[in-house]
Amino acid sequence: MKTNVNLQPYNSFGFSATAKYFVEINGLDDLRKLIDTPEFKKEKHLILSGGNNILFTNDIFDGIVILMNNKGVEVIHEDEEDAIVRAQAGEDWPKFVKQMVARGLYGVENLAHIPGKVGAAPVQNIGAYGMELKDSFLQCEAMDLTTGQTRIFTNEACRFGYRESIFKHELKGQYIITSVDFQLSKQSTLKLEYGNIKAYLAEHSIEQPTLQQLHDAICAIRDAKLPDVKQIGSAGSFFKNPVIEAAQFETLQKQYPSIPHYDEPENRVKVPAGWLIEQAGWKGWRNEHVGVYENQALVLVHYGGGKGLDIVELANKIQNSVNEKFGIQISPEVNFV
Ligand code: EPU
């Protein structure tokens, strides 16, 4: 276990924070050993995966940071139609998606190019371009951090929702996901309806894309809209898209006829937070250290030299201004530590 480690390289916002203790996990044995240490019994802990959805708001993390780095991808069952693939939690997510696409396995291609690691993907049920992790998630293995026992969580047991799962709520900090099994298909099941996929394909004269072409199109669409975290600090979408009552939406639509929206169950409507933030005048806003990304208002960025609290302050101002203009409360999808 290392002490006093700067977490700047381990969070995509690129904020500095010092971890009192820091431990890298390369397999289940490492985890079991950690659980038995006196430090683990005494200190609080933080599970860190790719650090792509986290905002450090303090200079110090007064506890143990556990970095998941266990690797391995294997096909554990295969027949003519399907394959079940097991990926260890520390595998790089975009690399995993690329591998599945190269093998001709369908089910995760629209989630291409999302930065992060496999083990974090179920925690917030990552989603993009009409697909969510839960659509191909079969089950995961997770270790109980008090007993060291592993347990299997089925899709249902994870209680997935929009950017939600049991691991973000009831079981937060209690279990650590060690591997994930995906149910993938060998049959073509491309999802092309969402957002600008169709426009991109038309522009590039691709009528019936292959799996690889769709994967590459999604990477290109993301590159055009979202900042490269190697160059500009960010955590992807900072806020969740709010879901409001249909009646409230209809009133808004009268005032703003072009408001984009997606119908949700139970007479509710999802409205893109990026649109609300842009209409409230924030897109491209910046000060010396932080700002609102110029190509996608849902993304808050750190240009360098700032602190997590600068982002908190900006996020509060944006929330207040969206609330004043539209009467909608938007909430962060990023985890504050
Ligand atoms: N929009 C604006 N202005 C903006 C941004 C968006 O008017 O600055 C409008 C767009 O024109 C479009 C609508 O809002 O009509 C939706 O925009 P987009 O398709 O870019 O998606 P999003 O709803 O802003 C969500 C996810 C993204 C995911 C994309 C694509 C959330 C919180 N975000 O964003 O996920 O990549 O859809 O499916 O659900 C992430 O979670 O980190 C993330 C990037």
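**Observations regarding the site of the ligand**
Here's step 1: Contacts to the ligand come from 25 residues, most closely from Tyr 129, Tyr 162, Arg 163, Glu 278 and Ala 297.
Here's step 2: Here an oxygen atom of the ligand and a side-chain polar atom of Lys 283 are 3.2 Å apart.
Here's step 3: Bound to the protein, the ligand loses 84% of the 810 Å² it would expose on its own.
Here's step 4: When contributions to the shell around the ligand are tallied by element, the ones reaching two or more residues are strand 8 (127–128), helix 5 (211–225), strand 13 (233–237) and helix 7 (273–279).
Here's step 5: When the residues that make up the shell around the ligand are grouped by side-chain class, the tally is 12 nonpolar, 6 polar and 7 charged.
Here's step 6: Viewed by domain, the shell around the ligand spans two of them, domain 2 (73–185) and domain 3 (233–336), each represented by three or more residues.

**Things to note about the layout of surface pockets**
Here's step 1: In this structure, the second largest pocket encloses a volume near 220 Å³.
Here's step 2: Partitioning the lining of the second largest pocket into residue classes produces 5 nonpolar, 8 polar and 1 charged.

**Let's talk about the nonpolar core**
Here's step 1: Residues Trp 93, Phe 96, Leu 133, Cys 140, Phe 153, Phe 167 and Phe 182 are the most contacted members of the largest nonpolar core, which totals 45 residues.
Here's step 2: Contributions of two or more residues to this core are made by strand 7 (82–88), helix 3 (93–102), strand 10 (137–144), strand 12 (175–185), helix 4 (197–203) and helix 5.
Here's step 3: Looking at which element gives the most residues to this core, the answer is helix 5, with 6 residues.
Here's step 4: In this structure, Phe 182 is in contact with Ala 83, Ile 84, Val 85, Ala 87, Trp 93, Phe 96, Val 108, Val 118, Leu 133, Ser 136 and Leu 138, ignoring residues within four places of it in sequence.
Here's step 5: Ala 235, Val 271, Trp 275 and Val 290 belong to the second largest nonpolar core, which has 34 residues in total.

**Re the domain arrangement of the chain**
Here's step 1: Along its sequence, the chain is carved into domain 1 (2–68), domain 2 (73–185) and domain 3 (233–336).
Here's step 2: Computed over C-alpha atoms only, the centres of domain 1 and domain 2 are separated by 22 Å.
Here's step 3: Counting residues at the interface gives 14 residues for domain 1 and 20 residues for domain 2.
Here's step 4: Surface buried jointly by domain 1 and domain 2 totals about 1,200 Å² across both partners, of which 68% is contributed by carbon and sulfur atoms.
Here's step 5: Three residues stand out in domain 1 for area buried against domain 2, namely Ile 35, Ser 49 and Met 68, and they jointly supply 36% of the buried area on that side.
Here's step 6: At the surface where domain 1 touches domain 2, the tally comes to 0 salt bridges.

**Some details on the pattern of salt bridges**
Here's step 1: Evaluation of the coordinates by the stated rule reveals 16 salt bridges.
Here's step 2: The salt bridge involving Glu 333 is made with Arg 163; its shortest N-O contact spans 3.0 Å. Residue Glu 333 is found in the loop between helix 8 (308–326) and strand 19 (335–336), and its partner Arg 163 is found in the loop between strand 11 (150–154) and strand 12; the two are separated by 170 residues along the sequence.
Here's step 3: Using a relative accessible area of 6% as the deciding quantity, one classes Glu 333 as buried.
Here's step 4: Among the ionic pairs, Glu 278 bridges to Lys 283, the shortest N-O distance being 3.1 Å.
Here's step 5: Glu 278 sits in the partly exposed class, given a relative accessible area of 37%.
Here's step 6: Three or more residues are tied together by salt bridges with common partners; here these are Glu 132, Lys 134, Asp 135 and Lys 191.

**A closer look at the sheet that holds strand 13**
Here's step 1: Read across the open sheet, the 3 strands follow the order 13-18-17; overall the sheet is antiparallel. Every other strand in the sheet has two partners, leaving strand 13 and strand 17 (290–292) as the edge strands with one partner each. Neighbouring strand axes in the sheet, compared pairwise and without regard to direction, differ in orientation by 15° on average.
Here's step 2: Across 3 bridges, strand 17 lies against strand 18 (residues 299–302) in antiparallel orientation. Looking at strand 18, one finds that Gly 291 is bridged to Val 301.
Here's step 3: Where helix 8 meets the sheet, it contacts strand 17 and strand 18, and its direction lies at approximately 30° from that of strand 17.

**Examining the environment of Gln 279**
Here's step 1: Turning to its location among the elements, Gln 279 is positioned in helix 7.
Here's step 2: For the pair formed by Gln 279 and Ile 206, sequence separation is 73 residues and the distance between their alpha carbons is 33 Å.
Here's step 3: Among all residues touching Gln 279, those that are not within four sequence positions of it are Lys 325 and Phe 326.

**Notes on the side chain of Gln 124**
Here's step 1: By secondary structure assignment, the location of Gln 124 is in the loop between helix 3 and strand 8.
Here's step 2: Using a relative accessible area of 12% as the deciding quantity, one classes Gln 124 as buried.
Here's step 3: Those residues in contact with Gln 124 that sit more than four places away from it in its chain are Asn 53, Arg 163, Glu 164, Lys 168 and Glu 333.

Conventions we followed
Residue numbers here run from 1 along each chain, matching the order of that chain's written sequence. It should be noted that, the model being predicted, local features are given only for residues of pLDDT at least 70 and side-chain atom pairs only at 80 or more, the latter also being counted only at that level, while totals for whole chains, interfaces and linings use all residues. The basis for every side-chain value is the complete set of heavy atoms in the structure, and neither hydrogens nor water enter the calculation. Throughout, near means a residue has at least one heavy atom within 4 Å of the molecule or strand. Two N or O atoms form a polar contact when they lie within 3.5 Å of each other; inside protein one atom must be a possible hydrogen donor and the other a possible acceptor, and for residues adjacent in sequence the pair counts only when both atoms belong to side chains. Residue exposure ignores everything except the shown protein chains as possible cover, and the areas themselves are Shrake-Rupley values with a 1.4 Å probe. Put simply, DSSP H or I for four residues or longer makes a helix, DSSP E for two residues or longer makes a strand, and each gets a number counted from the N terminus. Residues are grouped as follows: nonpolar covers Ala, Val, Leu, Ile, Met, Phe, Trp, Tyr, Cys and Pro; charged covers Asp, Glu, Lys and Arg; every other residue, Gly included, is treated as polar. Where a domain begins and ends is set by an automatic assignment or by a domain database. Think of a 1 Å grid over the protein atoms and nothing else: a 1.4 Å probe that fits but is trapped marks a cavity, an open set flanked by protein within 12 Å on at least five of seven lines marks a pocket, and residues with an atom within 4 Å of a point count as lining. Grid points are joined across faces, edges and corners, and a volume is the space filled by probe spheres set on the points. What is meant by a nonpolar core is a set of buried Ala, Val, Leu, Ile, Met, Phe, Trp, Tyr and Cys residues, joined one to another through side-chain atoms within 4.5 Å. Here the term buried applies to any residue with accessible area under 20% of the maximum for its type, exposed to any over 50%, and partly exposed to those in between, with areas from a 1.4 Å probe on protein chains only. By definition, residues are in contact when any of their heavy atoms lie within 4.5 Å. Values labelled buried area give the accessible surface lost by two parts on being combined, using a 1.4 Å probe and summing over both. By definition here, a salt bridge exists when the distance from a side-chain nitrogen of Lys or Arg to a carboxyl oxygen of Asp or Glu is within 4 Å. Between any two strands, at least two bridges found by DSSP are needed for them to pair. The axes are straight lines fitted to the C-alpha atoms, using for helices just the contacting stretch, and the angles between their N-to-C directions are given from 0 to 180°.

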